[in-house]
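Coordinates in review
So you can see what is in the structure, the chains are spelled out below.
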Amino acid sequence: MTSELLHGDLCPLCRRPLTLRTTVEVHSNTPYPTRIDRVPHCTSCAGDMTRVQEWADMMRARYES
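Residues numbered from 1 in each chain as written. Predicted model: local features only at pLDDT ≥ 70, side-chain atom pairs only at ≥ 80, totals over all residues. Heavy atoms only, no water.

1. Comments concerning the environment of C42
Inspection of the secondary structure puts C42 in the loop between β2 (35–41) and α1 (43–46). The exposure class assigned to C42 is buried, which follows from its relative accessible area of 3%. Distance from C42 to C14, taken between C-alpha atoms, is 8.8 Å for residues 28 residues apart in sequence. Other than its neighbours up to four places away in sequence, C42 contacts C11, C14, L18, G47 and W55. (Helix = DSSP H or I, 4+ residues; strand = E, 2+ residues; numbered from the N terminus. Buried < 20%, exposed > 50% of the residue type's maximum accessible area, 1.4 Å probe, protein only. Contact = heavy atoms within 4.5 Å.)

2. With respect to unusual backbone geometry
Despite not being glycine, R15 shows a phi value in the positive range, around 65°. If you trace the backbone, R15 turns up in the segment before β1 (19–26). Residue R15 is classed as exposed on the basis of its relative accessible area, which comes to 53%.

3. What to know about the confidence of the model for the chain
A residue-level look at the chain finds 85% of positions with pLDDT of 70 or above and a mean pLDDT of 75. Per-element confidence in the chain is highest for β1, whose mean pLDDT is 80, and lowest for β2, whose mean pLDDT is 77. (pLDDT = per-residue confidence, 0-100.)

In structure tokens:
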């Protein structure tokens, strides 16, 4: 996955714009650059405990295909 969201990429539940959240940051003592893995994130839906599982399932289906 690229680190850039498509312009206008919206949350499938609330239709708000998605942001990118860092999931993994790997620092290396070798000449390779630091690797940062990011995933799309909606602060509204991901923080709402009644919708968090539904949101996670929808995002997984959307970006793992």
